[in-house]
Amino acid sequence: MTRPGRRAVFHMIGNAHIDPVWLWTWQEGFQEIKATYRSALDRLRDHPDFIFTCSSAAHLAWIADNEPDMFEEIRAQVQGGRWALVGGWWVQPDCTLPSGEGFVRQGLYGQRFFQTQFGRTADTGYNPDSFGHAGTLPQILLKSGLTRYTFMRPGPHEQALPSRLFWWQGPDGSRVLTFRIPYEYCTWGQDLEAHVRKCTTELGGPLNELMCFYGVGNHGGGPTTENLASIARLTADPSLPELRLSDPSRYFTAVDSTAAPIWTDELHHHAVGCYAAHSGVKRWNRAAELALIRAEKLAALAAAVTGHPYPRLDLERAWKRVLFNHFHDILAGTSIESAYEDARNEYGEALATAQHVTNAAVQRLSWRVSVPHREGTRPFVVFNPHAWPVRVPVEHETGGVPNAFTVTDDQGAPVPAQRVRSEATVSGWRKRLAWTADLPPFGYRTYTVLPQAAPDASAVSASDTHLESDTFRLDIDPQTGGVARLTDKRSGAEVFSDVAAVGAVMTDLSDTWSHNVYRYDQPAGRFEGATCTLLEHGSLRSAVRTTSHYGRSTLTQDFLLYADHPCIEVRVRVDWHERHRVLKLLFPTHLHFPQATFEAPYGVTTRPTDGNEEPGQRWIDLSGVYRPTGAVRGLSLINDAKFSYHALDATLGLTVLRSPVIAHHDPYVPAEGGDYRHMDQGEQQFTYWLYPHGGTWRDADTPRHAAALTERPIVIPETYHQGPLGTAGSFLEVSPATAQVTVLKRAEDDTGYVLRLVETHGFPTAVRLNVTFLGRKVQTSLGAYEIKTLLLPDDGGPATVINLTELDRLGDA
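Residues numbered from 1 in each chain as written. Predicted model: local features only at pLDDT ≥ 70, side-chain atom pairs only at ≥ 80, totals over all residues. Heavy atoms only, no water.

Asks: Help me out: how do you make sense of helix H3 (residues 68-79) in this one?
Replies: With twelve residues, H3 ought to run about 16 Å at 1.5 Å a step, and its terminal C-alpha atoms sit 16 Å apart, in line with that. Listed in full, the buried residues belonging to H3 are Met 70, Phe 71, Ile 74, Gln 77 and Val 78. Looking straight down H3, one finds that the buried residues subtend no more than 115° of arc, so they occupy a single side. Relative to its buried face, H3 has exposed residues pointing more than 90 degrees away, namely Asp 69, Ala 76 and Gln 79. Contacts from the buried residues of H3 go to helix H1 (26-46), helix H2 (57-66), strand S3 (83-85) and helix H4 (100-118). Looking one or two residues beyond H3, the residue adopting positive phi is Gly 81, at roughly 80°. (Helix = DSSP H or I, 4+ residues; strand = E, 2+ residues; numbered from the N terminus. Expected span 1.5 Å × (residues − 1). Buried < 20%, exposed > 50% of the residue type's maximum accessible area, 1.4 Å probe, protein only. Arc of directions from axis to C-beta. Contact = heavy atoms within 4.5 Å.)

See the structure below:
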């Protein structure tokens, strides 16, 4: 505890916040990093007491590759304790939008780089400029070796906190000692007296030591000679605190025994516009993260079952492309337009790598599946990337299928299937097929197309304005193209209280970040003048397409109702040509006392239904009391590309896009009629599922449904051959349903297989793993929302719990 009356201490943190991409591209950022680090090394040479604080392993990796002599100078300063390593992550990412596994990989590759190059890891998480921080981060930080955390945004005007120094506690109970930087993380290159005196206003109460950051930043620069001279001069001023040249680790050690309050919530809302800004980078990121996770799973399986080499270096390189583009001014959508050409290319490299790895693995596996010879048939092997059984529609292009056909499973039983419109506009030899695949846990099943007509029947009745199955009836509003009515026939409940899925347009005059904005609630109009067309009608599904208009823009929604699927699938295409507007899809539910739950990175967050713009991962759920019966019911909204939502009373809103001026930052005011580029012009596509359910999202198992939409099965066309594998098989299964296996990969040190488990419902549970492909069964436990990583060693030894960086073994499973 700080002794009353003791002179206050400012730990002066010399740093250079460097945005490798923002109002410039990464090539310019690359050069600025070199120039800044050269300057820091010069200051260290000339000022024996100076300490430089440095984060972002990616920046140091650039130096190691491009200027190895400079890197050796840095290495010497790290060993001497004057170049302080912080952060432990690959970059300083957006701290809301990456997936849970994306954050894990920041620490995995960042900390392992530090350990390999410097013989040590960081102990302090460090994201001064990130615009918000997910409430689930404490566990990820702690299990990556980061016991402390430093941030600045949101500021006091955006989020009241009990103290500058506090224990930040996640939903699982993990805690990290956390400090909010006062005022600013970087300064000008001149005298620091004004900045230091401003920081003295933060003193008071039991906390008598603070961090005071200095150094030219954003475009780099770092501490200057004049900065250091002013600190030396101010040190003699008795009216000021002791000014101690320091680094974050030294600060946290100094205050470690200080009584600090506990904060158990997320840290938002600095820049709510960033949850939706730039639809492209949001979609690329989600697709790349999930594609790499799936590729790792299948590559690990192929390595174990077939001896196929595991492409660890290819996957690492691809992950590092994704992680770099997590950077808070890239993923948040706030950089210049040309920076997104680079981001698109790097995400494309990662996606291409994932495709090649996945294809090599499943081709290797499917070639070993016994496919009996049946003349005139077309076999397909379908792989399930999840460690639980899934029943999900699949759809793919193919050739060699007659107009009249039947699809059967590996037991010869027919499954609902139909032809749908091909991507190719050619004569009829190329087709697109859709059917329902019922797949075993992390396994495969063989399906066969037979040249014989299936019964001509549909379990879905349909017209241009309605779809009806045994489960749902959906009526289309012919004016807006939205949903006039959705009835859950299992309970008789009406899902919506008014027309839903309508394209609502809101006025948005804010900058790219939406500084000082918390919600978009000023209506500018809505999409209307709809046309409705019956697009498909078959034994598997029927679909209605609605096309509506606003201004110069067009909204197309294809509503797909399957005969035996619990969700309504909606495929959206937007052709957008508006400026300073927000497009939302609104879903007014028929609920009382609603509770809004959002998927967060490796967890969930519950928030008030106050209309504020909020970040979320793949799903949002609104559950409450269904007024007519008093039963608890809900609606989950799941999507494959969007991150921005709101809940206002009983209405869910999905923010589809925003169209501010690109890279516009207040207080600059764009000239009236000026020539500016606006965001998200043109066409984009995404898919969402409407999932009405009884009970809450937990009862409905929404997390697994979200995984089913966004991590789809892989369909491989095959030929007839014999092999060591049967026509169907399962390689890994997890139970109960509250546990997910999110990762399967080879260990970074190549000593075994790594499995990551996550508890998704908020209840402690005993977990059973049947790891068939290794001939092992593992039992372990998970706490509420716990992330647990297991190593299954190649030598057959017991399953071991390891930390997220795979650097420390923590005990038996």
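Asks: Hey, could you run me through the pattern of salt bridges in this one?
Replies: Where charged atoms from two side chains of opposite charge approach closely, those side chains can pair. If you walk through the whole model with that rule in mind, you get 58 salt bridges. One salt bridge connects Arg 571 with Glu 395, and the closest N-O pair in it is separated by 2.8 Å. Placement of the pair is Arg 571 in strand S28 (residues 568-576) and Glu 395 in strand S12 (residues 390-399), with a sequence separation of 176 residues. Note that Arg 545 and Asp 558 form a salt bridge whose closest N and O atoms lie 2.7 Å from each other. (Salt bridge = Lys/Arg side-chain N within 4 Å of Asp/Glu carboxyl O.)

Asks: Can you help me understand the pairing of strand S31 (residues 603-607) in this one?
Replies: In the case of a regular strand, side chains alternate between the two sheet surfaces. Extensive coverage of S31 is indicated by the burial of four of its five residues. One ladder, built from five bridges, connects strand S30 (residues 591-600) with S31; its direction is antiparallel. Following the sheet pairing, Phe 598 is matched in S31 by Thr 605. Counting the residues that bridge the hairpin from S30 to S31 gives two residues, and of these Tyr 602 lies at a positive phi of roughly 55°. (Pairing = 2+ DSSP bridges.)

Asks: Where do I start with the packing of H2 against H3 in this structure?
Replies: Between two packed helices, what matters for the description is the angle formed by their axes and the separation of those axes. One way to put it is that H2 packs onto H3 with a least axis distance of 5 Å and a crossing angle of 130°. As far as their axial angle goes, H3 and H2 are oblique. Judged by residue contacts, Leu 60, Ile 63, Ala 64, Asp 65 and Asn 66 of H2 engage Pro 68, Met 70, Phe 71 and Ile 74 from H3. For the contact of H2 with H3, a count of residues per class yields seven nonpolar, one polar and one charged. (Axes fitted to C-alpha atoms, helices over the stretch in contact; angles between N-to-C directions. Parallel < 35°, antiparallel > 145°, perpendicular 65-115°, else oblique. Nonpolar A, V, L, I, M, F, W, Y, C, P; charged D, E, K, R; others polar.)

Asks: I tried to follow the nonpolar core on my own but got confused; where do I start?
Replies: Generally speaking, a soluble globular protein has its nonpolar side chains buried in company with each other. Tyr 37, Leu 60, Ile 74, Trp 83, Leu 137, Trp 435 and Leu 769 are the most contacted members of the largest nonpolar core, which has 178 residues in total. The element that contributes the greatest number of residues to this core is helix H9 (residues 279-306), accounting for twelve residues. Discounting residues that sit within four places of it in the chain, Trp 83 has contacts with Tyr 37, Ala 40, Leu 41, Leu 44, Phe 52, Cys 54, Leu 60, Ile 74, Gln 77 and Val 78. If you look at the next biggest cluster of nonpolar residues, it comprises 45 residues, including Leu 486, Val 495, Tyr 550 and Val 570. (Core = buried A, V, L, I, M, F, W, Y, C linked by side-chain atoms within 4.5 Å.)

Asks: Sorry, what's going on with the sheet that holds strand S45 (residues 787-793) here?
Replies: By way of backbone hydrogen bonds, the strands of a sheet pair with one another, either parallel or antiparallel. Across the sheet, which stays open at both edges, the five strands sit in the order S41-S42-S45-S46-S47 with antiparallel pairing between neighbours. At either margin of the open sheet sits one strand with a lone partner, and together these are strand S41 (739-746) and strand S47 (809-812). Direction aside, the axes of adjacent strands within the sheet are offset by 30° on average. With seven bridges connecting them, strand S42 (residues 752-759) and S45 associate as antiparallel partners. When the sheet's bridge partners are listed, Gly 752 is paired in S45 with Pro 793. Together, S41 and S42 form the strand contacts of H4, whose direction differs from that of S41 by roughly 40°. In this fold H9 packs onto S41 and S42, with an angle of close to 60° to the strand it touches most, S41.

Asks: What should I look at first to understand the packing of aromatic side chains in this one?
Replies: Think of a pair of aromatic rings as described by two things: how far the centres are apart, and how the planes are tilted against each other in angle. Throughout the structure, instances matching the rule amount to 35 aromatic pairs. Ring geometry for Trp 284 against Tyr 347: centres 6.3 Å apart, planes inclined by 50°, an arrangement best described as tilted. Here the residue Trp 284 occupies a position in helix H9, and Tyr 347 occupies one in helix H11 (residues 337-366), the gap between them amounting to 63 residues. Ring geometry for Phe 598 against Tyr 645: centres 6.2 Å apart, planes inclined by 70°, an arrangement best described as edge-to-face. Here Tyr 645 lies in strand S35 (residues 644-648) and Phe 598 lies in strand S30, a separation of 47 residues in the sequence. For the pair Phe 598 and Tyr 645, a shared accessibility class is recorded, and that class is buried. Every member of this aromatic cluster is reached through a ring pair, and the members are Phe 71, Trp 90, Phe 113, Phe 114 and Phe 118. One Lys or Arg, Arg 286, reaches over the ring of Phe 643 and ends 4.0 Å from the middle of that ring. The ring of Phe 686 has Lys 642 lying over it, and the distance from NZ or CZ to the ring centre is 5.1 Å. (Phe/Tyr/Trp six-rings, centres within 6.5 Å; stacked < 30°, edge-to-face > 60°. Lys NZ or Arg CZ within 6 Å of the ring centre and 35° of its normal.)

Asks: Help me understand unusual backbone geometry in this model?
Replies: For residues that are not glycine, phi is negative in most cases, and the peptide bond is trans in most cases. In this model, Asp 666 is joined to Pro 667 through a cis peptide bond whose omega is 10°. That bond from Ser 735 to Pro 736 is cis: its omega, 5°, falls within 30 degrees of zero. Mapped onto the fold, Pro 736 is located in the loop between strand S40 (733-735) and S41. Phi is positive for His 580, which is not a glycine, with a value near 55°.

Asks: Even after reading the chapter, I still don't get the packing of H4 against helix H10 (residues 312-324), so can you show me in this structure?
Replies: Where H4 meets H10, the closest approach of the two axes is 10 Å, and the angle between their N-to-C directions is 110°. By the criterion of interaxial angle, the relationship of H4 to H10 is roughly perpendicular. Crossing hand, H4 versus H10: left-handed. Two secondary-structure elements touch here, H4 through Glu 101, Gly 102, Arg 105, Gln 106 and Tyr 109 and H10 through Glu 316, Trp 319, Lys 320 and Leu 323. Here the contact of H4 with H10 is built from residues that sort into three nonpolar, two polar and four charged. (Left-handed = near helix turned anticlockwise from the far one by under 90°.)

Asks: How do you make sense of the pairing of strand S27 (residues 553-562) when you look at a structure like this?
Replies: Of all ten residues in S27, nine are buried; the element is thus mostly enclosed. The turn joining strand S26 (residues 541-550) and S27, which pair antiparallel and follow one another in sequence, is formed by two residues; a positive phi near 55° is taken by Gly 551. Judged from the seven bridges that link them, S27 and S28 form a sheet pairing that is antiparallel. Its bridge partner lying in S28, Thr 556 is registered against Arg 573. Here S27 folds back onto S28, and the loop between the two strands holds five residues.

Asks: I would appreciate a short explanation of helix H13 (residues 702-710) in the present structure.
Replies: Because the α-helix completes a turn every 3.6 residues, residues three or four places apart line up on one side. Summarising burial for H13: nine of the nine residues are buried, a large majority. When H13 is considered as a whole, its buried residues turn out to be Thr 702, Pro 703, Arg 704, His 705, Ala 706, Ala 707, Ala 708, Leu 709 and Thr 710.

Asks: How should the sheet that holds strand S16 (residues 430-439) be read in this particular structure?
Replies: What the three strands build is an open sheet, ordered S12-S16-S15; its pairing is antiparallel. Lying at the two open borders of the sheet, with one neighbouring strand each, are S12 and strand S15 (417-420). On average, each strand axis in the sheet is tilted by 25° relative to the strand beside it, whichever way the strands run. Here ten bridges tie S12 to S16, and the two strands are oriented antiparallel to one another.

Asks: Please explain the side chain of Arg 541 as it appears in this structure.
Replies: Along the chain, the position of Arg 541 falls in strand S26. A residue is classified by how much of its surface remains accessible, and Arg 541, at 1% relative accessible area, is buried. Setting aside residues no more than four positions away along its own chain, Arg 541 makes contact with Glu 395, Gln 418, Val 420, Ala 434, Glu 536, Leu 560, Leu 561, Tyr 562 and Arg 571.

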